[in-house]
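A structural walkthrough
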Amino acid sequence: MNVYDAQRMSDLLGAEGYAETSAVEDADLVILNTCHIRERAAEKIFSELGRLRALKAARAEAGRATRIVVAGCVAQAEGAEIYRRQSAVDVVVGPQSYHRLPELLRRAERESRVIDTDFPAEDKFDFLSPPSPGRIRQRGVSAFVTVQEGCDKFCTFCVVPYTRGAEMSRPLGAVLEEVATLAAAGVREVTLLGQNVNAYHGDAGGRPASLAQLCAEVARVPGIARVRYTTSHPNDMDDGLIEAHRREEKLMPFLHLPVQSGSDRILASMNRKHTSAAYLTLCEKIRAARPDIALSSDFIVGFPGETEDDFGETLALIEKIGFASAFSFKYSPRPGTPGADRTDQIEEDVKIARLARLQALLEGQRQAFNRDMVGRTLDVLIEKRGRHAGQIAGKTGYLQPVQIEADAGLIGAVVAVEIVATGSNSLFGRLAHPPAGRPPEFVQTPRGSV
Ligand code: SAH
Ligand code: SF4
């Protein structure tokens, strides 16, 4: 979502006459778009700001002004602290008010320390400028679109409900319009984003639309070949959405469905509101609807009170389900969340050891899943030139990167690729049916420099 927000800020400022630079030394304006989810992400901001302060001073000596903006969830949560620790910052803006950036930058010419961490009544999406076709092409054939923001679930480890605010969904029509703009410029794949994307209930002419309905309508936008969505909460995975995975061919057979822990005791104290067995049953139901679906998850180890037995239950759940990929983290106490106040925090060395065991198990599953692809023919969306001359790179329906010896003219096409080998992160393949001329799904508009 931060990638998407950064693009929207860039589009907004593009309309004000700013252009992106590739080197920070050339920038008159630097925006750090920040993440507050774990302490390490948040702390990185302060070291980065130290470097920018030096850059600002060096540019000032050469007679060039530099404005520094801190945006995103660290700005939201620690706005005052940012100013206290780093005087070089000009503007602090939260994730729900960045549509006001042009006005905030104008204010920064007159005042020092401009800060906007409101949760405004207006919908920021109504004030954002659409990207130009050239920018869309530059960003590639796969695009993000935020459809839902914020969260009302209050898991006891998580800052999102505090930093992103209450749950809201964008109207169905607004999302479809944005997807149509992207598709008209050559985008083939859309990932619908939300902190709890499957709680989507955007307005559709006075009635709420479900995520299943949204996916179906996005799939019908001319030019769109693939639809994905992330991130989902198990409790919002309703039958309609599971049915969409059976019915909707363009909905990719890959689902990121975070479970966090396999211990019912820990799940309850995390306020996840489901059991390990309920998650398992849900996964079985999803697999029954779409047998070729691959699952992925997030895990937290070392939540306060986690015993060796609790951790063992997480490993057991992973063994039972089998994940194609996963993200896993040591619990990071976040100020203001209930988990941070607990007195039964887990020692750092225990967290480190558990994370290593968990990741070894997950990595084994990921590699086995990838090895299983060898000899199969998969649809691959070609995204860009490959690592070496004469290679192109794309992704399978399971989000695996694939390197293929073929012509760059295929960028934007979905092609059948026979997988011949696996590397540590990528698969290697060859075109299953070398296309004669341009394949039919290639392309509504010229690809330009994509
Ligand atoms: N809405 C999604 C997750 C959003 S946050 C869900 O409910 O699953 C992304 C991931 O960051 C979470 O799934 C969790 O695994 C991790 N995370 C969030 N807060 C954390 C914390 N305090 N410490 C460690 N990991 C955390
Ligand atoms: Fe955070 Fe996800 Fe829980 Fe919401 S549902 S509080 S975003 S982990």
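Everything quoted here is computed from the prediction, not taken from an experiment. All residue numbers refer to position in the chain's written sequence, counted from 1. Written order determines the labels here, with chains lettered from A and ligands numbered from 1. Given that the model is predicted, a residue must reach a pLDDT of at least 70 before its local features are reported, and side-chain atom pairs must reach 80 or more before they are shown or counted; all residues, however, enter totals for whole chains, interfaces and linings. Neither water nor hydrogens contribute to the side-chain values; these are computed over all heavy atoms in the structure.

This part takes up the site of ligand 2. Nearness of a residue to a molecule or strand requires only that one of the residue's heavy atoms be within 4 Å of it. Every residue near ligand 2 is listed here: C151, K153, F154, C155, F157, C158, V160, P161, N196, H233 and R272. Amino acids outside the nonpolar list (Ala, Val, Leu, Ile, Met, Phe, Trp, Tyr, Cys, Pro) and the charged list (Asp, Glu, Lys, Arg) are all regarded as polar, and Gly is one of them. By residue class, the composition of the shell around ligand 2 is 7 nonpolar, 2 polar and 2 charged.

Attention now goes to the packing of aromatic side chains. The description of two aromatic rings rests on the distance between their centres and on the angle between their planes. Planes of paired rings set the category: under 30 degrees apart is stacked, over 60 is edge-to-face and the rest tilted, where pairs are Phe, Tyr or Trp rings (Trp by its six-membered ring) whose centres lie within 6.5 Å. This structure, assessed with the given rule, holds 5 aromatic pairs. Taking 5.5 Å as the distance between ring centres and 80° as the angle between the ring planes, the aromatic pair formed by F154 and Y162 counts as edge-to-face. Exposure remark for Y162: the relative accessible area of 39% places this residue in the partly exposed category. Three or more aromatic residues joined by ring pairs form one cluster here, namely F157, F303 and Y331. Directly above the aromatic system of F46 lies the positively charged group of R85, at a separation of 3.7 Å from the ring centroid. Only protein chains enter the calculation, and the probe is 1.4 Å; a residue is then buried if its accessible area is under 20% of its type maximum, exposed if over 50%, and partly exposed in between. Working rule: Lys NZ or Arg CZ, within 6 Å of ring centre, within 35 degrees of ring normal, means a charge sits over the ring.

Our focus in this paragraph is the side chain of N196. Labels follow the DSSP assignment, with helices taken as runs of H or I lasting at least four residues and strands as runs of E lasting at least two, numbered in each case from the N terminus. Within the secondary structure, N196 is located in the loop between β8 (189-193) and β9 (203-204). We call two residues in contact when some of their heavy atoms are within 4.5 Å. Aside from chain neighbours lying at most four places away, what touches N196 is Q148, C151, K153, E167, T231, H233 and D236.

Think of it this way: DSSP has to see at least two bridges between two strands before they count as a pair. In spatial order, the strands read β1-β2-β3-β4; together these 4 strands make up an open sheet with parallel pairing. The open sheet has two edge strands with one neighbour each: β1 (29-34) and β4 (114-116). This sheet shows a mean twist of 10° between the axes of neighbouring strands, independent of strand direction. With 6 bridges joining them, β1 and strand β2 (residues 67-72) adopt parallel strand pairing. Its bridge partner lying in β2, T34 is registered against G72. All axes are obtained by fitting lines to C-alpha atoms, using only the stretch in contact for helices, and the reported angles, taken between N-to-C directions, cover 0 to 180 degrees. Contacts from helix α2 (residues 39-61) reach β1 and β2 within the one sheet, and its direction differs from that of β1 by about 175°.

This brings us to helix α11 (residues 276-289). When the terminal C-alpha atoms of α11 are compared, their 20 Å separation across 14 residues agrees well with the 20 Å that a helix rising 1.5 Å per residue should span. What α11 keeps buried is the set S276, Y279, L280, L282, C283, I286 and A289. On its buried face, α11 sits against α9 (239-247), β12 (254-256), α10 (264-269), β13 (294-301) and α12 (308-321). Between the first and last residue of a helix there are one fewer steps than residues, each counted as 1.5 Å, and that sum is the expected span.

Right, let's talk about the packing of α11 against α12 for a bit. Contact geometry for α11 and α12: axes closest at 11 Å, N-to-C directions at 15°. If you check the angle between α11 and α12, you find them roughly parallel. Once α11 is placed against α12, the crossing between them reads as right-handed. Contacts between α11 and α12 pair S276, Y279, L280, C283 and R287 from the former with L317, K320 and I321 from the latter. Tallied by class, residues from the contact of α11 with α12 come to 5 nonpolar, 1 polar and 2 charged. When an angle is under 35 degrees it counts as roughly parallel; over 145 it counts as roughly antiparallel; between 65 and 115 it counts as roughly perpendicular; any other value is oblique. Helix crossings get a hand from a simple test, with the near helix turned counterclockwise from the far one by less than a right angle marking a left-handed crossing and a clockwise turn marking a right-handed one.

A few words on the site of ligand 1. The full set close to ligand 1 counts 16 residues, and F157, Q195, Q260, D298 and S332 are the nearest of them. Under this definition, polar contacts are N or O atom pairs within 3.5 Å; protein pairs additionally need one hydrogen-donor-capable and one acceptor-capable atom, and for neighbouring residues in sequence, both atoms have to be side-chain atoms. Within the side chain of Q260, an N or O atom sits 2.7 Å from an oxygen atom of ligand 1. D298 places a side-chain nitrogen or oxygen 2.6 Å from an oxygen atom of ligand 1. Methods summary: accessible areas were calculated by the Shrake-Rupley approach with a probe of 1.4 Å, and residue burial reflects only the protein chains presented. If ligand 1 stood free it would expose 540 Å²; the protein chains cover 90% of that surface. Listing elements by their share of the shell around ligand 1, those giving two or more residues are β13 and β14 (325-330). Partitioned by chemical class, the residues of the shell around ligand 1 number 6 nonpolar, 5 polar and 5 charged.

To continue, consider helix α13 (residues 348-371). The end-to-end C-alpha separation of α13 is 34 Å, in line with the 34 Å expected for 24 residues at 1.5 Å each. Looking at the packing, one finds that the buried side of α13 touches β13, α12, β14, β18 (414-422) and β19 (427-431).

On to the domain arrangement of the protein. Either an automatic procedure or a domain database provided the assignment from which the domain bounds are taken. Domain boundaries in the protein define domain 1 (2-116), domain 2 (124-371) and domain 3 (377-448). Between domain 2 and domain 3, the C-alpha centre-to-centre distance is 26 Å. Contact with domain 2, which involves 21 residues of that partner, is made by 25 residues of domain 3. Any carboxyl oxygen of Asp or Glu that lies within 4 Å of a side-chain nitrogen of Lys or Arg is treated as forming a salt bridge with it. Counting across the domain 2 and domain 3 interface gives 0 salt bridges. Taken together, the links from domain 2 to domain 3 amount to 9 residue pairs in polar contact (both at pLDDT 80 or more). Elements supplying a minimum of two residues to the side of domain 2 that touches domain 3: β11 (226-230) and α13. A total of 4 residues in the side of domain 2 that touches domain 3 trace back to one element, the largest contributor, which is α13. Grouping the constituent residues of the side of domain 2 that touches domain 3 by class yields 9 nonpolar, 4 polar and 8 charged.

This next bit is on unusual backbone geometry. The residue after T230, namely T231, is reached through a cis peptide bond having omega 5°. Notably, F154 is not glycine yet its phi reads approximately 50°, a positive angle. Tracing the sequence through the fold places F154 in the loop between β6 (148-149) and α6 (160-163). Although it is not a glycine, N271 sits at a positive phi angle of roughly 65°. Topologically, N271 is positioned in the loop between α10 and α11.

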